[in-house]
Amino acid sequence: MHTSDFDFELPPELIASHPLEQRDASRMLVVDGDNVADRHIRDFLDFIRPGDVVVMNNSRVIPARFMASGHEITLHTAADDGAWWGLCKKFNKIPVGTDLTLDDGTVATVVAHDDDSGLKLKFHCDNVFDVLDRVGKMPLPPYMKRDCETADRDRYQTVYAGPLGSMAAPTAGLHFTPELMNEITARGAQIVHVTLHVGAGTWMPVKTEDLSQHKMHSEWCQITPAQADIINNARRVIAVGTTSMRTLESAAIGTGDGAEFRRVKPFCGTTNIFITPGYKFRAVDVLLTNFHLPKSTLFMLVSAFAGLDNMRAAYRHAVDARYRFFSYGDCCLLFKQGE
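Residues numbered from 1 in each chain as written. Predicted model: local features only at pLDDT ≥ 70, side-chain atom pairs only at ≥ 80, totals over all residues. Heavy atoms only, no water.

### Details of the overall build of the chain
Condition: In this description a helix means any DSSP run of H or I spanning at least four residues, a strand means any run of E spanning at least two, and both kinds are numbered starting from the N terminus. Radius of gyration here is computed from C-alpha atoms only, and the compact-globule reference equals 2.2 Å multiplied by the residue count raised to the power 0.38. Throughout, exposure labels follow a simple rule: accessible area from a 1.4 Å probe, protein chains only, divided by the maximum for the residue type, with under 20% read as buried, over 50% as exposed, and the rest as partly exposed. Contacts were defined at the residue level, with two residues in contact if any of their heavy atoms lie within 4.5 Å. Using a 1.4 Å probe, accessible areas were evaluated by the Shrake-Rupley method; residue-level cover was limited to the displayed protein chains. In this tally Asp and Glu are treated as negative and Lys and Arg as positive; neither His nor the chain ends contributes. For the purpose of locating charges, the reference atoms are NZ of Lys, CZ of Arg, CG of Asp and CD of Glu.
Across its full length, the chain holds seven helices and 17 strands. Taking 2.2 N^0.38 as the reference for a compact globule, 339 residues should give roughly 20 Å; the C-alpha atoms of the chain span a radius of gyration of 20 Å, in line with that estimate. Principal-axis analysis of the C-alpha atoms places the extent of the chain at approximately 55 × 45 × 40 Å. The buried share among the 339 residues of the chain stands at 55%. For the chain, the proportion of contacts with a sequence separation of at least 24, taken over those separated by at least 6, is 70%. Carbon together with sulfur atoms contributes 48% to the accessible area of the chain, which is approximately 14800 Å² in total. Charge centroids of the chain, computed over 35 positive and 42 negative side chains, lie 1 Å from each other.

### Some remarks on helix H7 (residues 308-320)
Stated formally: By definition here, a helix of n residues has an expected span of 1.5 Å times n minus one.
With 13 residues, H7 extends 18 Å between its outermost C-alpha atoms, agreeing within 8% with the 18 Å of an ideal straight helix rising 1.5 Å per residue. Looking at H7, one finds that the buried residues are Leu-308, Asn-310, Met-311, Ala-314, Tyr-315, Ala-318 and Val-319. Note on H7: the residue one or two positions beyond its end, Arg-322, has a positive phi of about 65 degrees.

### Considering the sheet that holds strand E13 (residues 219-223)
Selection criterion: Two strands pair if DSSP finds at least two bridges between them. For every element, the axis is a line fit to its C-alpha atoms; helices are fit only across the contacting stretch, and the angle between N-to-C directions ranges from 0 to 180 degrees.
With respect to topology, nine strands assemble into an open sheet ordered E2-E1-E17-E16-E14-E3-E12-E13-E15, the strand pairing being mixed. If you trace the sheet from one side to the other, it starts and ends with strand E2 (35-40) and strand E15 (267-271), each paired once. For this sheet the average axis-to-axis angle between neighbouring strands, irrespective of direction, equals 20 degrees. Relative to strand E14 (residues 237-240), strand E3 (residues 53-57) is paired through four bridges, and the arrangement is parallel. What sits directly across from Val-54, in E14, is Ile-238. Contacting E3 and strand E12 (190-196), helix H3 (residues 178-186) crosses the sheet at an angle of about 125 degrees to E12. Contacts from H7 reach strand E1 (27-32), E2, strand E16 (286-290) and strand E17 (331-335) within the one sheet, and its direction differs from that of E1 by about 150 degrees.

### Brief notes about the packing of helix H6 (residues 297-306) against H7
Heads up, the rule is: Residues are grouped as follows: nonpolar covers Ala, Val, Leu, Ile, Met, Phe, Trp, Tyr, Cys and Pro; charged covers Asp, Glu, Lys and Arg; every other residue, Gly included, is treated as polar.
Interaxial distance between H6 and H7 falls to 7 Å at its minimum, and their mutual angle equals 115 degrees. Along the contact surface, H6 presents Phe-299, Val-302, Ser-303 and Ala-306, while H7 presents Leu-308, Asn-310, Met-311, Arg-312 and Tyr-315. Residue composition of the contact of H6 with H7, grouped by class: six nonpolar, two polar and one charged.

### With respect to the packing of aromatic side chains
How we decide: Stacked, tilted and edge-to-face are the three classes assigned to paired rings of Phe, Tyr and Trp, where Trp is represented by its six-membered ring and a pair needs centres within 6.5 Å; plane angles under 30 degrees give stacked, over 60 edge-to-face, the rest tilted.
Overall, the coordinates contain 17 aromatic pairs when judged by the stated rule. Centroid distance Phe-8 to Tyr-315: 5.0 Å. Interplanar angle 75 degrees. Geometry classified as edge-to-face. Here Phe-8, found in the segment before E1, pairs with Tyr-315, found in helix H7; they are 307 residues apart in sequence, far enough to count as distant. By relative accessible area, which is 16% here, Phe-8 ends up buried. For Tyr-315, a relative accessible area of 2% translates into the label buried. Centre to centre, the rings of Phe-281 and Phe-305 are 5.0 Å apart; their planes meet at 85 degrees, and the pair counts as edge-to-face.

### Some details on the environment of Glu-179
Counting through the fold element by element, Glu-179 comes out in helix H3. C-alpha of Glu-179 to C-alpha of Asp-24: the two residues are 155 residues apart in sequence and 9.7 Å apart in space.

### Describing the pattern of salt bridges
What counts, and what does not: Any Lys or Arg side-chain nitrogen found within 4 Å of a carboxyl oxygen on Asp or Glu counts as a salt bridge.
Scanning the entire structure with this criterion turns up 15 salt bridges. Its salt-bridge partner being Arg-39, residue Asp-46 comes within 2.9 Å of it at the nearest N-O pair. Between Arg-236 and Asp-52 there is a salt bridge, with its nearest N and O atoms 2.7 Å apart. Residue Arg-236 is found in the loop between helix H4 (225-232) and E14, and its partner Asp-52 is found in the loop between E2 and E3; the two are separated by 184 residues along the sequence. Its relative accessible area of 18% is what places Arg-236 among the buried residues. Asp-52 gets classed as buried once you look at its relative accessible area, which sits at 1%.

### Structural notes on the nonpolar core
Keep this limit in mind: Remark: nonpolar core denotes a set of buried residues (Ala, Val, Leu, Ile, Met, Phe, Trp, Tyr, Cys) joined through side-chain atoms within 4.5 Å.
Grouped together as the largest cluster of nonpolar side chains are 84 residues, with contacts concentrated most on Phe-66, Leu-121, Leu-248 and Phe-325. Examining the composition of this core, we find that seven residues originate from one element, H6, more than from any other. If you look at the next biggest cluster of nonpolar residues, it comprises 23 residues, including Met-56, Leu-180, Ala-189 and Val-286.

### What about the side chain of Asn-58?
Mapping Asn-58 onto the fold places it in the loop between E3 and strand E4 (60-61). Excluding its chain neighbours within four sequence positions, the residues that come into contact with Asn-58 are Tyr-160, Ala-161, Gly-162, Pro-163, His-193, Val-194 and Thr-195.

### Comments concerning the sheet that holds strand E9 (residues 107-114)
Read from one edge to the other, the open sheet built from six strands follows the order E5-E6-E7-E10-E9-E8, with strand pairing classed as antiparallel. Taken across any chain shown, the strands that pair with only one partner, and hence form the sheet edges, are strand E5 (65-68) and strand E8 (99-101). With direction set aside, neighbouring strand axes in the sheet form an average angle of 45 degrees.

### Focus: the pairing of E14
Consecutive side chains of a regular strand alternate in pointing toward one face of the sheet and then the other. Of the two faces of E14, the one holding Val-237 and Ala-239 and the one holding Ile-238 and Val-240 are both buried throughout. Of the strand pairs in this sheet, E14 and E16 are connected by three bridges, and their pairing is parallel. If you follow Ala-239 over to E16, its bridge partner there is Leu-287.

Keep in mind these values describe shape, not function.
Printed below as a string of structure tokens:
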């Protein structure tokens, strides 16, 4: 398959630049094969069954965008040596060895360049997160075409966010309130919070027509032994968001029979999994996700899960029905198709 197979027309006015006032006010398009139904995120509860496990990514978004010596930089991945990789326009014109000064006086030294990852910065401070909390802004996606606002500090973060590390929100989780989560458990399901620190790989465009030539950025994720036990005993696994999906499938160990069936193994490390049609899903049965960009790796992932023809038809329906798209937009509930 080729990148152009995943293109579709999207009126720009359907791109949500701001969130709805209430987290649980979004619409939810249910896609099961070639059947679609217009529902609401609160109707998510109608699809919960006793014994289900709902998996959510609890990574917390860092205010990763900041100014340094006149350059706007967005951090996306922590390096093993304590430095950070960051995206910056015309980064190759900033020589290695240059000291950049942030608005609070903190100095970061450019220690490397990379065509895909941008600048590698070594911060001269005790705690980079404390610095970013003072001077950083939430890294809203560029398609919103607006500056970060005070309200984004709360709304571009899930209510269950925990460990710091993401440069983009796991946006399917933005729809959930504590009340909705309590109702999930009241229906007899369990909630498991895995962690994937969202990096540039989540939304970087596919620039090659041949999918096999696309290079995914690595992202750190974790499923603990206790979490794996719960997931392996699930009636069904429902992934909230593509980041939860990628974490689960990165930890997947294949299929089995009866009591010996296990979906995942404990996992702690980096993943650059790239899921396209033809992939055999081993861990996830149902996926709740937002609507994704044309020709993106995420639209390829959902097409692999629910079927490309089904997803193209579902997105046409969503456009006609005026659903709100992308990070602050509406969501869809997808059921795995075929084996």
